[in-house]
Every structure is written in C-alpha cells, then in structure tokens.
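What the coordinates show
Listed below are the residues making up each chain.
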Amino acid sequence: MNNFSYRKAYSVPDAVNQVSTQADAKFVAGGTNLIDLLKYNLTSAVALVDVNPIEGYHAIEEKTDGGLRLGAFVTNADTAYHPLIETRYPLLSKAILAGASGQIRNMATNGGNLLQRTRCYYFYDANAPCNKREPGTGCSAIGGYNRIMAILGTSESCIAVFPSDMCVALAALEAVVNISGPDGERSLPFAQFHRLPGDTPHLDNNLQSGEIITSVDLPANGFANNYSYLKLRDRNSYAFALVSVATGLELEGNTIKEARMALGGVAHKPWRVTEAEDFLRNKAASPENFAAAAEIILKGAVGYEYNSFKIELAKRAIVRNGIMALHPETQLPGAHPSA
Ligand SMILES: Cc1cc2nc3c(=O)[nH]c(=O)nc-3n(C[C@H](O)[C@H](O)[C@H](O)COP(=O)(O)OP(=O)(O)OC[C@H]3O[C@@H](n4cnc5c(N)ncnc54)[C@H](O)[C@@H]3O)c2cc1C
Ligand code: SF4
C-alpha cells in the first residue's frame, strides 16, 4: 500500500479545490471500490478527500417539477429503502437491491455507484496488459477468457462492461447527473454521462478533472405501476450481472403508451436504444412485440469466444422482463418471479 494523505472536505468548493489543486488527489465516499483499487495497486492516490462530511447532499428531496433529487452522498441502502423511492421509483429500488450485499450497500453512495470501475478480470490483474488500466498495453480480454465481457459498443481497445445495477435503472428512468467543478456547475443527461471505450477506454465517463457529482435528479414519471428489474448472473447473490434489464411501461389496457428499457452487463455503459421504445409505443404488450424490440436493441451485437451466449440471453431477458413488468406484484421483496 502506498502512502497517501487523508483529509475531510466540508463543502463542495472545498472538495473541488482540494482535488483540483493537488496532483493525483481523489474523492472518496463509501470507499467500497476505490480502497480495493488502491490496495491492489490498480490505481494511485497521493491524497484522498473524504466527501462524506459535506452537508446538503445527504437527502432525497422532492423537486418542484414533481421529480426527486437524490443526494450524491446518500448510501445505496438508504436510497433503495426510502419511502419515496419504494413507492414512486420501485424500479430503482429493485435495481439497487439486486447489487452487491447489504453491508456494501450500507457504505456505497449514489455518486460512487456511478463511478465504480469495471469488473473485467484482467483490469484487476496488475500483471495483465489492459488498455483501461494502462493505456497502450493492449487488451487481454479480447483473446482471453471473455465470458463476462461486452457484446455491444465494444472497440478494438476494450470490451469491458460497466457493472452497476443502479445505473441501469437510472438510464431507463432518464435521470440527470448534477456536477460541480472548478468551472462551476453543470448537468448531464444520464445517457451522456458514461462513455463507450473507443480508443480511450481509460475514460469511463465524461466527468472532467476535479468535478464532483453532487446529486442525481429523477423525472416525475417513475413507471411505478408497471416495472421490472431482471438480473441474470452466475450466482444468485453477490455477483455482477451477465445480463440485466430494467423495464418501465405506461399502459392503457394492454397497449403500451410509453416504454423504457435499459440493459446492464452488455456494454461499457447502460445500454438503451430509444428506437426500440418508439417501436413499442401504441403496440400490444405481447411477447412477440417485446421480442421484436429485443431484436432492435441487440442489433449489431458481437460475441467473443466465450460470451456469444449473451446475445440470445439478452433477447430472452428483454422478453421475460417485459412480461414481468405487466405483473409488478412479482417484484415485491421476497417474491420469486417465474414469468
Ligand atoms: C464485493 C462487491 C460486490 C459488488 N457487487 C455489485 C453489484 O452486484 N452491483 C453493483 O451495482 N455494484 C456492485 N458493487 C459495487 C458497489 O456498488 C460500488 O463499489 C459502490 O457503489 C461505489 O460507491 P462508493 O461510495 O463506495 O465509492 P468509492 O469507492 O468511494 O468511490 C468510487 C469512485 O468514485 C469517486 N467518487 C465517489 N463519490 C464521488 C462523487 N460524489 N463525485 C465524484 N467522484 C466520486 C471516487 O473518487 C472513486 O473514483 C460491488 C462492490 C463490491 C466490493
Ligand atoms: S476489456 Fe478493457 S478492462 Fe478488460 S483487459 Fe481489455 S482493456 Fe482492460
């Protein structure tokens, strides 16, 4: 373990100033990802700036436009179990609770969840070439064991997936990320927050140096009547998704008035194809139409030696999750959906 300084920040400008004026300084929130990366020498830090003491971003608040603002430093557990999230955004609650473990969710924060790094095996092996960890060294996953890797939006430089569950729901809900930095405040629509690897796979997102996430806004419509989050993985708990799907539907009878679908475990960012949602508008909520939407979403998918199964798995998951969204009672804690 390398030496680093540890200081608390007491305001957003203080935190931004500390990180942007020191070389190799990083924010730390729950520490559930960053501390692991430091311990394994997969990232470095000369200074850690603890954002937890900053007041004003530890709450979930109703906004005047009918939406909600999630403070960046609220834990994943407090977010998932908040009455306003459980009742108005159960898709988000379900997605968060599908991730990690109770202990980790008690520490992990909303801001940190958006910034967690990939779980590519080779990224976590300091001896393996990895363009994301060390640009220009190559990608060990492309010709290696790539069972958990991406099938959409990949590049010749990197085929890693972004592992968050929470972010899949945030993508489907069209959340907005609020950011503060050396040049002031700005907001990014969720679809523009994370990046595809291209030839810069070391960049996971569009946050600039010294910028801090202060909150995440949810629009008024939480798709609380018809929703489902399906996570398919090798173990039934404490494992990252091979494929996950967040679905929200607005229905009139059995006709879809609005659909939202985002996929996790398949790309370098939560994967949402609005063309598929447009296709479903004013159509029956039927397995056939969900299957046609799945074909649109998976258009251009490319499998590698060990992960081609994900293409068919993702298509079937989209159909199954669409059907589950028609029966949200299967989403209650303890229920075992069997659609
Ligand atoms: C064993 C294990 C299993 C897991 N399983 C899952 C899973 O199944 N699904 C899932 O979704 N996640 C899973 N996770 C990941 C977990 O959700 C993340 O580690 C967590 O959300 C990160 O939040 P944190 O507050 O601990 O971030 P930290 O570790 O403190 O920080 C992560 C990164 O974000 C930066 N950062 C933190 N907060 C801010 C901010 N407000 N603004 C700017 N930068 C910031 C830090 O500098 C760091 O780079 C798992 C983690 C572990 C250890
Ligand atoms: S897939 Fe990306 S993270 Fe994994 S080894 Fe290749 S470059 Fe590194």
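These lines cover the structure that appears in this document, whether it is placed above or below. It should be emphasised that the depicted structure is a prediction, and the values quoted were computed from it without experimental measurement.

1. Some thoughts on the overall build of the protein
When helices and strands are tallied, the protein shows 11 helices and 11 strands. In terms of its C-alpha atoms, the protein occupies a principal-axis envelope of roughly 60 × 50 × 35 Å. A buried classification covers 52% of the 339 residues belonging to the protein. Accessible surface computed for the protein: about 14700 Å², of which carbon and sulfur atoms make up 50%. When the 30 basic and 33 acidic side-chain charges of the protein are each reduced to a single mean position, those positions are 4 Å apart.

2. Structural notes on the pairing of strand β5 (residues 68-71)
Examined bridge by bridge, strand β4 (residues 60-62) and β5 share three bridges and lie antiparallel to one another. Across the sheet, the residue bridging to Glu62 is Leu68, located in β5. From the end of β4 to the start of β5, which pair antiparallel, there are five residues, and Gly66 there has a positive phi angle of about 95°. One ladder, built from four bridges, connects β5 with strand β8 (residues 212-218); its direction is antiparallel. Looking at β8, one finds that Leu68 is bridged to Leu218.

3. A few points about unusual backbone geometry
Within the chain, Glu174 stands out as a residue other than glycine whose phi angle is a positive 60°. Here Asn282, not a glycine, exhibits a phi torsion of approximately 65°, which is positive. Looking at the element boundaries, Asn282 is found in the loop between α9 (274-280) and α10 (287-297).

4. A short note on helix α11 (residues 309-325)
If you check α11, its first and last C-alpha atoms are 24 Å apart, about what 17 residues at 1.5 Å a residue would give, namely 24 Å. Among all positions of α11, only Lys310, Ile311, Ala314, Lys315, Ala317, Ile318, Val319, Asn321, Gly322, Met324 and Ala325 are buried. Residues of α11 that are buried make contact with β9 (226-232), β10 (243-252), β11 (255-264) and α10.

5. Looking at the nonpolar core
With 51 residues, the main nonpolar core has Leu92, Leu114, Leu170 and Leu218 as its most contacted residues. Considering each element in turn, this core owes the most residues, seven residues, to helix α8 (residues 166-172). Filtering out sequence-adjacent residues up to four positions away, Leu114 remains in contact with Phe162, Cys167, Leu170, Val177, Phe190, Phe193, His194, Ile213 and Val216. Counting residues in each nonpolar core, the second largest holds 32 residues, with Ala259, Ala285, Ala293 and Ile318 among its members.

6. Here's the deal with the site of ligand 2
Around ligand 2, 13 residues are found, and the nearest of them are Cys120, Cys130, Cys139, Cys158 and Ile159. Across the shell around ligand 2, the residue classes break down as nine nonpolar, three polar and one charged.

7. A short note on the site of ligand 1
The local shell around ligand 1 holds 30 residues, among which Phe27, Gly31, Thr32, Thr109 and Asp165 are the closest. Across the complex, the protein chains shield 91% of the 980 Å² of accessible surface that ligand 1 would expose by itself. Secondary structure elements with two or more residues in the shell around ligand 1: β2 (25-28), α7 (110-115) and β8. Here the element with the most residues in the shell around ligand 1 is α7; it accounts for three residues. Looking at the shell around ligand 1 residue by residue, the class counts come to 15 nonpolar, 11 polar and four charged.

8. Observations regarding the environment of Ser209
The topology assignment puts Ser209 in the loop between β7 (184-189) and β8. Separated by 193 residues in the primary sequence, Ser209 and Val16 place their C-alpha atoms 9.4 Å from one another.

9. Some points on the side chain of Arg260
Tracing the backbone shows Arg260 in strand β11. Residue Arg260 is classed as buried on the basis of its relative accessible area of 9%. A distance of 3.3 Å separates polar atoms of two side chains, one belonging to Arg260 and the other to Glu174. Non-local contacts of Arg260, meaning those with residues more than four positions away in its chain, are made with Ala172, Leu173, Glu174, Phe223, Ala246, Thr247, Gly248, Arg272 and Glu277.

10. Focus: the sheet that holds β2
If you walk across this open sheet you meet the three strands as β1-β3-β2, and the pairing is parallel. A single partner strand is all that each edge strand has here, and the edge strands are β1 (5-8) and β2. The sheet shows a mean angle of 25° between the axes of neighbouring strands, direction not considered. Of the pairings in the sheet, the one linking β1 to strand β3 (residues 47-50) comprises four bridges and is parallel in character. Among the inter-strand pairings, Ser5 is bridged to a residue of β3, identified as Ala47.

Definitions and limits used
Residues numbered from 1 in each chain as written. Chains lettered and ligands numbered in written order. Predicted model: local features only at pLDDT ≥ 70, side-chain atom pairs only at ≥ 80, totals over all residues. Heavy atoms only, no water. Helix = DSSP H or I, 4+ residues; strand = E, 2+ residues; numbered from the N terminus. Buried < 20%, exposed > 50% of the residue type's maximum accessible area, 1.4 Å probe, protein only. Areas by Shrake-Rupley, 256 points an atom, 1.4 Å probe, with all protein chains shown as cover. Lys, Arg positive; Asp, Glu negative; His and termini not counted. Charge placed at Lys NZ, Arg CZ, Asp CG, Glu CD. Pairing = 2+ DSSP bridges. Expected span 1.5 Å × (residues − 1). Contact = heavy atoms within 4.5 Å. Core = buried A, V, L, I, M, F, W, Y, C linked by side-chain atoms within 4.5 Å. Near = heavy atom within 4 Å. Nonpolar A, V, L, I, M, F, W, Y, C, P; charged D, E, K, R; others polar. Polar contact = N/O pair within 3.5 Å; in protein donor to acceptor, adjacent residues only side chain to side chain. Axes fitted to C-alpha atoms, helices over the stretch in contact; angles between N-to-C directions.

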